[in-house]
Every structure is written in structure tokens, then in C-alpha cells.
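Structural overview for review
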Amino acid sequence: MLLPPLLPPASHRYRGATLRQFSTDLIDIISQSVSLPLDGQRSLVSNPLIAACVLTFGLLQGQAGRAGEAYPTWKLLSSRTGNLPAPGTAIFQTATLVLDINKDGLNDFVIASRRDGSSLVWYQRRKDGWTVHPIDQGLNIEAGGAYADIDRDGDLDLVFGEDYSGQKVYWWENPFPQFAGRSRWVRREIKSSGAEMHHDQIFGDFDGDGREELVFWVQRGGQLLHARIPSTPKLKTPWPSTLMARVESAEGLAKADMDGDGKIDLIGGGLWFKHQGGNRYAPRLIDKESRNARAEAGQLVEGGKPEVVFVIGDGVGRLKWFEFQQNAWVAHDLLGEEVIHGHSLQLADINRDGHLDILCAEMMKWSDNARIPDHPNAHTWIFYGNGRGKFTRTLIASGIENHESRVADLDGDGDLDILGKPYSYGTPGINIWLNEGNGPPTKKGKGPR
């Protein structure tokens, strides 16, 4: 067997490029030729050719590191190997949130599910790991979720909506500081009727009045609804809501000041929404092909207006970021190939160099009745940005399921980790990639907690 056919082509692609990019492309090719067990550990030593490629990769990594490129290394923990407790018994895990529930300064996280064994639980970070606590059960919760201090008592409350089988959106009152004994999360209704399926919710002050509102999709109704938090949310149910827009089968929500007027704008369904006064919002097109895309926004090119990232979460499409140039949105393809059910997307400064990076991960399985993966070689990538619209692609894992995965400091050490939630393969369960270290933090901070 000859080595050259496996190697990336020695073309203009690598002239002036980093050794890191070359090694990343090399490991991409290797990962497509070698199956990975679910624990993410490669079994390569039995193949001398592959072992040689991996050795080359390691050498190139070392040279790139000496050139001043600092990227994290990762340690994978998994409930499948006993490193973490599983969130329950449901095999359809739909939603994930990361927040500080008990106000101890450490991030906790929430896992929601649907159908048989459905539950809503939260994971508390302790010195020696994580402990699972119940919130609710017996509901068919859809992907998405949001949090805010809804009742203005100083702690964070939760919001989730029902899937295609239900008409309701709920909020749960955080029982802080009493989480044990008879204390419980009281569930109340935000939306009680109308159409079904509520994939994605977000809080933000979108009308500039100094108070956060809740915005959420109702997919079966083709609606984007805007709901103001009542002055007495524990008594008022459902919340009054108004129609923000009609967009068929759309999903994905993000927020940023898109036009520099000091007011937070909403992004979703391939659009952004400009507040026109009162309850009126004008939709403005970013990309017509991104109606069903996951959405993120931030300063990928630092200075000026924010950029937007879209990837199709429930389907196949390109991972693209958009910048506003000369009164038009210009698309940039990050991979040059299709992303398959890229239902995990987040911007964060993962390597703490002061510039935003992009996490994108594919699903392995989305067919509910199937027993084998739809996409066995699903990829998890990080694209490290330089603040000028250039990115270095790294492959974190192949053959591990991701759905609504998140980037956050999960162990309280100040750097950013990855919470990997599967949807229906390897469930019930979760995975966590702990950040094992990277370059020194910059003055611009360590990214979101």
C-alpha cells in the first residue's frame, strides 16, 4: 500500500498555510478511513500506514505549537464508561442548557428528553464530579430552551416547549436555595393553546425598553411569537404574546446588535428582525437557504457589524458565515462540503486568544425507529478564528453523537469545555470533553461562562 494517496494534495492550499491546517486535513482523511469506537479512542496501531500518518500529525502539531499556535487538548468523559451519571432512562434526549442554577459560581447544566422515561434534570458540579437532580418528568420537551430570572427573585428560571405532540410552552420556578426534601420546581404555562412544536426559545431586550422578552418558534403554525414577561408571572398564565413574523418550518435563534444602534436584534430562520416600534418587527434576509439552520452571531471579523453563522441542524447543508459588505450579506463556506445534521453550533473564545471560535458537530442518528446510526462517522469540529475572518479547522472527534451540544466552563477551572449531548444514539447518556490546557489567557477574557 502506498502512502501518497492518503495524504492531502500538495497544492496551493498549503502555501503559506500553517502546519496545523495540513495536519488537520490529514487527520480528517484518516478519520474517514478508520472507524472510531463510541468512547472516541482511535484503534490505529495495528495499521502501520495509519500509525505513520498519526506520527506525522503529532510531529506537525508540535511544530505548529512551537510557532506560537495554542489550541486546547481534550479529555473525554462519558456516562457509557462510568465517568458520568446518565440523565435518566429516556432514549430521546432533546435539549441542553448550561447555567448556574444554585448560585455557587459554577456552571450546572440541564438535560431534557421526551417519550418513554422522559425527564428534566439538572447536573450539579461538585468537587469530585457531577450529581443529577430531578426537575420534572412525563413531558415531551422539544429541542431548544432558555433561561432568565423570570420572577425577579435573583435566581435563574427555565423555559422549554413541547414537541410536535403538544401546544404548550412552560417555565419552571427555580426553588433556590431549597433543592432537597419537599422543595420542587413549580411548572407554569407560558403558552397553553394553538399550534404544536416549539423548537427554540430565546430571551432578550429586543424592543429596547430595558426589560427582557421571550421569543419562540411555533413550527406547526409557521409562527415566531413575542411574549412579554408579566409583572406577576407566578399568577399570570398564559403570557400575552404577539405575532413577530410568519415563517414556515423555521428554527434557530440568536441575538446581536446587527445595525449598531445599541439595540439587541433577533436572528433566526435565515433572517434578522429590526424593531420598528411597539410590537412591530421587520424581517431582513440574510440567507434564504438557512431557514432551518442553527444560528449564532458575533464578531468573527472584529470591528463593525457582527457576523452570522448558519448550519442546517435537521438536514444537510453547508456551514457558512456571513459578513455584511457594501449593503449585502457575503457568504463564506467554512468546510467546502456538506454538514450532515449539524445540530450543534456555538461561538466562543475556546483557546482564549481573544478571538471567537466556532464549534460545529454532526448527529449520528436522527431516524427515531432506526437501530443503527444514520451517519456513523459524524464529526465534531472547532474552527479557531483569528479575528480577521480566517479559521483553522480542527477535528475533535469522529463517530460520537452530538445534538444541542454546548461550550462552557463545566469544571470551574476557567477554561471552556464541551458538553456533548446525544439525541438517540448512545442514550441515555452524556459526554464531556474537558479542556486540558491551552495558551495563556488574553486580556480580552476567557470567553463565556
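1. Some points on the confidence of the model for the protein
Residues shown with low pLDDT carry predicted positions that ought not to be read at fine detail. On average, residues of the protein score 86 in pLDDT, and 82% of them reach the 70 mark or higher. Every residue in residues 1-25 is under pLDDT 50, and counting partners more than four places away or in other chains gives 44 contacts. With pLDDT under 50 throughout, residues 27-68 is counted as low confidence; its partners more than four residues away or in other chains account for 64 contacts.

2. Thoughts on the sheet that holds strand 24 (residues 344-348)
Read across the open sheet, the 4 strands follow the order 24-25-26-27; overall the sheet is antiparallel. The sheet is open, and its two edges are formed by strand 24 and strand 27 (391-398), each paired on a single side. Each strand axis lies, on average, 15 degrees off the axis of its neighbour in the sheet, ignoring direction. Sheet analysis places strand 25 (residues 357-361) next to strand 26 (residues 379-385), joined by 4 bridges and oriented antiparallel. Considered in strand 26, the bridge of leucine 359 is made with isoleucine 382.

3. Focus on the pattern of salt bridges
Tallied over the full model, the rule gives 20 salt bridges. The partner of lysine 274 in a salt bridge is aspartate 261, and the shortest N-O contact between them spans 2.6 Å. Taken together, the positions of lysine 274 in strand 16 (residues 271-277) and aspartate 261 in the loop between strand 14 (254-256) and strand 15 (265-268) put the pair 13 residues apart, joining distant regions of the chain. The exposure class of lysine 274 is buried, given its relative accessible area of 15%. Where arginine 406 meets glutamate 404, a salt bridge forms, and the shortest distance between an N and an O atom there is 3.5 Å.

4. Some details on the packing of aromatic side chains
If you walk through the whole model with that rule in mind, you get 13 aromatic pairs. Geometrically, the ring pair formed by tryptophan 381 and phenylalanine 383 is tilted, given 6.3 Å between the ring centres and 45 degrees between the ring planes. Grouping aromatic residues by their ring pairs yields a cluster made of Trp122, Phe176, Phe179 and Trp185. Cation over ring: arginine 115 sits above phenylalanine 92, and NZ or CZ is 4.8 Å from the ring centre. Above the ring of tyrosine 170, the side-chain terminus of arginine 187 is found at 5.2 Å from the ring centroid.

5. Thoughts on the environment of valine 309
Here valine 309 lies in strand 19 (residues 307-312). By relative accessible area, which is 0% here, valine 309 ends up buried. When the C-alpha positions of valine 309 and alanine 295 are compared, they lie 5.8 Å apart, and in sequence the two are 14 residues distant. If sequence neighbours within four positions are ignored, valine 309 has contacts with Arg294, Ala295, Glu296, Leu300, Leu319, Lys320, Trp321, Leu345, Leu347 and Ile358.

6. Looking at the environment of threonine 96
Examined against the element boundaries, threonine 96 turns out to sit in strand 2 (residues 92-99). C-alpha of threonine 96 to C-alpha of alanine 146: the two residues are 50 residues apart in sequence and 9.3 Å apart in space.

7. What to know about the side chain of histidine 375
Residue placement: histidine 375 occurs in the loop between strand 25 and strand 26. Not counting residues up to four positions away in its chain, the partners in contact with histidine 375 are Ile340, Glu362, Met363, Met364 and Trp366.

The rules we used
- Residues numbered from 1 in each chain as written.
- Predicted model: local features only at pLDDT ≥ 70, side-chain atom pairs only at ≥ 80, totals over all residues.
- Heavy atoms only, no water.
- pLDDT = per-residue confidence, 0-100.
- Contact = heavy atoms within 4.5 Å.
- Pairing = 2+ DSSP bridges.
- Helix = DSSP H or I, 4+ residues; strand = E, 2+ residues; numbered from the N terminus.
- Axes fitted to C-alpha atoms, helices over the stretch in contact; angles between N-to-C directions.
- Salt bridge = Lys/Arg side-chain N within 4 Å of Asp/Glu carboxyl O.
- Buried < 20%, exposed > 50% of the residue type's maximum accessible area, 1.4 Å probe, protein only.
- Phe/Tyr/Trp six-rings, centres within 6.5 Å; stacked < 30°, edge-to-face > 60°.
- Lys NZ or Arg CZ within 6 Å of the ring centre and 35° of its normal.

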